[in-house]
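Fold and contact review
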Amino acid sequence: MDLVREIENNLIQAKNWAKAVKDCFSKVKSWSNSRNCKTERVQMDRINELLNLKTAPCNEPSHLQLKEYQEDANILIQEINTSLSSSEYSVSDLEILYSKVVDLPIYIKESEKLKLKLSAVKVWVDDVRNCISLKAPSLVEEDMLYKLELEMLDLHIQLPEVDLLANLIRQVKSCRSRCNEILKDPICLKEVKLLLNEWEAFTVNIPELKLLKKYYGDTISWISCVDLILMNVHEREDQENVVDELTSIKSDGLLLQIQVDELPRVELELDKAQCRVKAYTVLRSQMSMDFVQQLILEAAKLQIEKEKVFADISQRHVAAVDWEDKAKQVLATRACLSSFEDILRASEHIGIIPPSLLDVKLAVSTAKDWLIKAKPFLFQDSAIMSTSNSCLQVDVLKELVLESKDLKVHLEECSLLENILKKGMEWEQDASCLLQNAEQLRNINIIGEGSTSCLVPNLERQVLLIEAAMEAGISLGLEFNMTLKLQDACSMLKWCIKALSFSTSIPSHEEVEMMLDASSNLPVVFISCALSTALTDGLSWLKKSFEVLDPNSRRQFEISNVEELLALSKRLCISFPTFIGRLQNAIENHNLWIDQVHLFYGLSCEDRSWNMLLQLKEDGISNAFSCGELEKVLYEAEKVEKWNQRCADIIKPLPAEENPLLRALIDLKNSIERSFEVYSNSKLGESTNLCMCCFSSIDDCARLTCSICKDSFHLQCAERSLEDTVLSFCRYCNFINSSKLPRSGSGFLRTGRKHLTLDKLTFLISESSDLFLWTDERRILSQIVEKALACNASLTKLVNFSLAYVSQDLNVVTQKMCIALKAMDVGRIGDDEGNRLFELALGRHSWKIKAKKLLGSGEKPTLQQIQHHLKEGLAMNTPPEDYFAQKLTVLRNTGLQWADTAKKVSGDGGVLGLDRVFELISEGESLPVSCAKEIKLLRDRSMLYCICRRPYDQKAMIACDKCDEWYHFDCIKISSAPKVYICPACNPGFEENTSAPARATHERFSGNKLEEPQTPLRRSELRRNSQKPKSSILAGVNDMNDCLRNISSTGSLLWRNKKPFKRAARKRSQLDCLSPFYYVRDKS
């Protein structure tokens, strides 16, 4: 069996081999006949694979013919390899060999190498011929030749162009070696010129040859520029430009790489041009004689002294030497100013600055400057002096006289200044005598009124003499050092005259202070003298007397200070009788005020009044000096004022013309008395004939009576009209009976009036015990606090009753709370603790009213509402025994118990029977608590689906596309939802209705997401609803709601669950055959 298989395999292999050989031979023959380039030739590797077998698998006639083609290809391959490795072949031999390759019907890989070598040879030959054929110089790059030489060695082929390329490369090397020899040594212009002429037409671009061409071009260009500039260079007037051009040419010549013979010539011409520039500078401007002499010597050295410009400079130099001799003669003889000016005018035409020119100018300028400084002293005209405020200093005059002796020019004004200086020295001697007399007057001692009367005329006479001397000094027009001393002495004497006048007149405080300030500005020499010391002591005594007698500063001094001041007046050299009398009167007034204070403190506390204390305070400030009695009076008055201010800060009275605090306290007292009256009338059960808003009489006025509390109000105060007077409630009763309280408690009833805290008023009363007198404010505030405490006690009693009340009837609490609210709103005074308890009582009462409405309303309260209300009551600390708290607790417990049962039944999966579910729904509907959410869960629980008749349990379900009945996947035994599903009840024969729409099924089941099933309405209802227009539907909403109220929800559920049973009974005979596809779950 194995042998048969082997033979079979050999036959198959032989068959395949013969087929492959036949295909290859047919392709070779086909290509040989057509030679179509588009036809692919047979690969040599494929032929070798087929023909290299040791023995042929079978006898195929084309085998031998194909082998002949193989032998021809091998011979051609050997020739290609020989031509590629040998250098004996020419280009024609390679082309003949490549033509054989092209004609061969078999593709050999060596043909590509031959093709590449042949193309490379052709490219090389073209490049070489291109380089040799170029005739223009420097077109062939040297690197290109060397590259071709390297490629020639790699080609291994005989070409005639090889010798041409080698000859060209030898010429390049020869040219380069000659260029390098020239570049090594200093380059000679002639050698470079010969080399360039020899190799001018060479076609290869050699860098060294190119560099030499550049050097040669730069040198020839430089030589031409030099020849152009040096042509008639000495005749040009712009020698500055010539210097710049030659300097540039010289720098360029130094940078040349080839040596030139014209460079020394350029340097010589540059020196000549610079010398000519200096010459033209001398002609255009004045230069010193030394510079001109040096320039003439330099021109002679350069052999250009005969040029016109240097001839003109030589003439000027001769004139300058002649002027220098004349100038030296004028300076030596001290000539007049006109001679010097003539010499200077002559120097202006020379054009050269001689050495003595500066000395001549200095002498002339010094003389003119001296004349300018001396001019004010020489021309002292009255008109000039009136316009000038500054006088001429004597020291300056002395310096001018000394300077006149050093002048090199003779001036007549020098003798005039000497005469003026002589007059000034005589005036200084007279001024010195006046100062000595003034010093004698300053050292006189003053004792008694007689000495004062004799001294004043002597002082005034001396002042007149000093002023006359000062005017004489001003008339001289000189500023003497004695002038300031005379002014100080004159001002000192005038100050003394003014101070002595205070002993007979009554000066002001400002005048005394001004005199003391002036004394501090007097020179130190005058302050230490006897007269100024005595007068300064007297002025100081006057200043202190003014301070003592001033009412504003009297509190700073004691009575002992005044007595010391009187004793000091007796030791003064100058007497002030007027001020001594005023000090004695001040002492008497102080003693009288002290007696009044002692008399006031001798009175009892009740007899002391605030007005008496204020009068003592005012008299003490104006008449009394610093003492214990004054401090005590001020302290007591300040305590009363501070207490009144604290009262005003707490009560905050409205602005009034007179005593606003007292008026505010009276109003507060009236308010607290009205509040107390409200509490008193409520205890006695009496009604008042006053308006509860404004507490004014309501007789013969339009009134409004509250239907609850029976209190009366003005219509204007109650803000009501006559139509509202039949049935109306006051704002207090309306607020108490409201179930909604504002966040601010009862604060909205306070009509813009500030309510005060009782603690602050009590604190004010405790502070008033430190006062040593009774004021009207203190008495009224005590009465207010007493009434407020009584009102607070009544409020506490009413609030405690309201908080302890737990019965059902709220009218009792309403009456108590209304009374407390009225009294608090009227009284304007409250206690923090009382207000807090009242707010708590108000909150509890509002909670009870809200609970009463919740229990008594026609609509059932929800379980959440009851729990929320009980939570609010717990936050208000409502007692557990309260009637409304107990009722709400019972309702909550009943509702929670039923709701827990309903939640358990709704999630039991159909364990409980429908009749028991319907009973539980009826029980929930009859509860006094609304449990709509739980009832909805039970109604959903009562809806049954599928053949298992179970409620919806979140399992995968599908709806029938005919009857819309829902079925569990497990009950009808399917694993996924089909596109169209018809239930077994609608299609017992399992005939699939392909034309039925699949939209409903996809809407019910998509992506394993199930919608809660909904059993459809009856078809008669669907038809009736579809035929009814929208307008009739909207119009009949109310009728339908009425009908729904009459139909029992339990009956509706029974009908909805009855429909599937009817349908099942009608088709029961058709369901027997479907038992393999569904099963019925056990209800247990």
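What counts and how
Residues numbered from 1 in each chain as written. Predicted model: local features only at pLDDT ≥ 70, side-chain atom pairs only at ≥ 80, totals over all residues. Heavy atoms only, no water. Helix = DSSP H or I, 4+ residues; strand = E, 2+ residues; numbered from the N terminus. Buried < 20%, exposed > 50% of the residue type's maximum accessible area, 1.4 Å probe, protein only. Contact = heavy atoms within 4.5 Å. Areas by Shrake-Rupley, 256 points an atom, 1.4 Å probe, with all protein chains shown as cover. Axes fitted to C-alpha atoms, helices over the stretch in contact; angles between N-to-C directions. Left-handed = near helix turned anticlockwise from the far one by under 90°. Nonpolar A, V, L, I, M, F, W, Y, C, P; charged D, E, K, R; others polar. Patch = residues over 30% accessible without salt bridge, like charges linked within 9 Å, V, L, I, M, F, W, Y side chains within 5 Å. Salt bridge = Lys/Arg side-chain N within 4 Å of Asp/Glu carboxyl O. pLDDT = per-residue confidence, 0-100. Core = buried A, V, L, I, M, F, W, Y, C linked by side-chain atoms within 4.5 Å. Phe/Tyr/Trp six-rings, centres within 6.5 Å; stacked < 30°, edge-to-face > 60°. Lys NZ or Arg CZ within 6 Å of the ring centre and 35° of its normal. Arc of directions from axis to C-beta. Lys, Arg positive; Asp, Glu negative; His and termini not counted. Charge placed at Lys NZ, Arg CZ, Asp CG, Glu CD. Disulfide = S-S within 2.5 Å. Polar contact = N/O pair within 3.5 Å; in protein donor to acceptor, adjacent residues only side chain to side chain.

**Observations concerning the overall build of the protein chain**
Each helix and strand in the protein chain was counted, giving 44 helices and 16 strands. For the protein chain, buried positions account for 38% of its 1084 residues. Looking at the protein chain alone, contacts between residues at least 24 apart form 69% of all its contacts between residues at least 6 apart. Split by element, the accessible area of the protein chain, about 63,400 Å² in all, is 53% carbon and sulfur.

**So, the packing of helix α17 (residues 394-404) against helix α18 (residues 413-442)**
The geometry of α17 relative to α18 is characterised by a closest axis approach of 10 Å and an angle of 145° between their N-to-C directions. Taken as a pair, α17 and α18 cross one another with a handedness that is left-handed. Here α17 contributes Val 394, Leu 397, Lys 398, Leu 400, Val 401 and Ser 404 to the contact with α18, which in turn contributes Cys 414, Leu 417, Glu 418, Ile 420, Leu 421, Met 425 and Glu 428. Tallied by class, the residues present in the contact of α17 with α18 amount to nine nonpolar, one polar and three charged.

**Quick notes on a nonpolar patch on the surface**
Taken together, the side chains of Leu 3, Ile 7 and Leu 11 present a nonpolar region at the surface, about 310 Å² in accessible area. Turning to its location among the elements, Leu 3 is positioned in helix α1 (residues 2-34).

**Quick notes on unusual backbone geometry**
Most of the time, phi is negative for any residue but glycine, and the peptide bond is trans. A positive phi angle is found at Gln 303, which is not glycine, with a value near 65°. When you line up the elements, Gln 303 lands in the loop between α12 (289-302) and α13 (308-333). Judged by its relative accessible area of 70%, Gln 303 falls in the exposed class. Even without being a glycine, Asn 877 presents a positive backbone phi close to 60°. Along the chain, Asn 877 falls in the loop between α35 (863-875) and α36 (883-906). According to the relative accessible area criterion, Asn 877 is exposed, its value standing at 54%.

**Structural notes on the confidence of the model for the protein chain**
Model confidence for the protein chain is summarised by a mean pLDDT of 76, while 83% of its residues fall at 70 or above. Here helix α42 (residues 1030-1035) stands out as the least confident element of the protein chain, with mean pLDDT 33; strand β13 (residues 957-959) is the most confident, with 90. Low pLDDT, under 50, characterises residues 381-389; the predicted model gives this stretch three contacts beyond four residues in sequence or across chains. Segment residues 990-1084 is flagged for pLDDT under 50; beyond a separation of four residues in sequence, or across chains, it makes 109 contacts in the model.

**Some points on the nonpolar core**
Ranked by internal contacts, the top residues of the largest apolar core, which has 96 residues, are Leu 417, Leu 459 and Leu 486. A total of eleven residues in this core trace back to one element, the largest contributor, which is helix α20 (residues 481-501). The residues touching Leu 486, leaving out its near neighbours within four places in the chain, are Trp 427, Ala 431, Leu 434, Leu 435, Ile 466, Ala 469 and Met 470. Membership of the second largest hydrophobic core comes to 64 residues, among which are Ala 637, Phe 735, Leu 761 and Ile 829.

**Focus on the packing of aromatic side chains**
By the definition in use, this model includes five aromatic pairs. Measuring from centroid to centroid gives 5.7 Å for Phe 600 and Tyr 601, while their planes differ by 80°, and the two rings are edge-to-face. Here the two residues Phe 600 and Tyr 601 agree in accessibility, since each one is buried. Of note, Arg 41 hangs over the ring of Trp 31, and the distance from its end group to the ring centre comes to 5.3 Å.

**Details of the side chain of Ser 519**
On the secondary structure map, Ser 519 appears in helix α21 (residues 509-520). Contacts of Ser 519, omitting those with residues within four sequence positions, involve Trp 495, Ile 527 and Thr 536.

**Considering the packing of helix α3 (residues 62-85) against helix α5 (residues 110-133)**
At a minimum axis distance of 10 Å, the contact between α3 and α5 shows a crossing angle of 35°. Along this stretch, α3 crosses α5, giving a crossing that reads as left-handed. Taken together, the residues of α5 that come into contact with α3 (itself represented by Ile 77, Ile 80, Asn 81, Ser 83 and Leu 84) are Glu 110, Ser 111, Lys 113, Leu 114 and Lys 117. For the contact of α3 with α5, the per-class residue count stands at four nonpolar, three polar and three charged.

**Examining α17**
For α17, the set of buried residues is Val 394, Leu 397, Leu 400, Val 401 and Ser 404. Angular distribution of buried residues about the axis of α17 spans 115°; they occupy a single face of the element. Here the buried face of α17 lies against α15 (357-378), β7 (392-393), α18 and β8 (478-479).

**Things to note about a negative patch on the surface**
A cluster of acidic residues, Glu 510, Glu 511, Glu 513 and Asp 517, forms a negative patch on the protein surface. By secondary structure assignment, the location of Glu 510 is in helix α21.

**Re the pattern of salt bridges**
Should the charged atoms of two oppositely charged side chains come close, the side chains can pair. Under the definition given, this model contains 21 salt bridges. Glu 965 is the salt-bridge partner of Arg 949, the closest N and O atoms lying 3.8 Å from each other. Here Arg 949 is found in the loop between α38 (932-942) and β13, whereas its partner Glu 965 is found in the loop between β13 and β14 (966-968), with 16 residues between them in sequence. When sorted by exposure, Arg 949 lands in the same class as Glu 965, which is buried.

**A closer look at the environment of Phe 526**
Inspection of the secondary structure assignment puts Phe 526 in helix α22 (residues 524-527). Judged by relative accessible area, Phe 526 falls into the buried class, the value being 8%. In this structure, the C-alpha to C-alpha distance between Phe 526 and Asn 443, residues 83 residues apart in sequence, is 9.5 Å. The contacts of Phe 526, once residues within four sequence positions are left out, are Arg 442, Asp 488, Ala 489, Met 492 and Ser 532.

**A few points about the state of the cysteines**
If you walk through the whole model with that rule in mind, you get zero disulfides. In this structure Cys 971 is a free cysteine whose sulfur lies 3.6 Å from that of Cys 946, the closest cysteine sulfur available. As a non-bridged cysteine, Cys 983 has Cys 986 as the owner of its nearest cysteine sulfur, 3.4 Å distant.

**Observations regarding the side chain of Ser 347**
You can see Ser 347 is positioned in helix α14 (residues 337-347). Taking relative accessible area as the criterion, Ser 347 reaches 6% and is therefore assigned buried. One polar contact links the side chain of Ser 347 to the main-chain carbonyl oxygen of Leu 344, over a distance of 2.5 Å. Beyond its immediate stretch of four places on either side in the chain, Ser 347 contacts Gln 286, Trp 323 and Leu 357.

**Here's the deal with the environment of Asp 667**
For Asp 667, the location among the structural elements is in helix α28 (residues 660-684). Note on Asp 667: relative accessible area 42%, which makes it partly exposed. Once the C-alpha coordinates of Asp 667 and Pro 653 are considered, the two residues, 14 residues apart in sequence, prove to be 9.9 Å apart.

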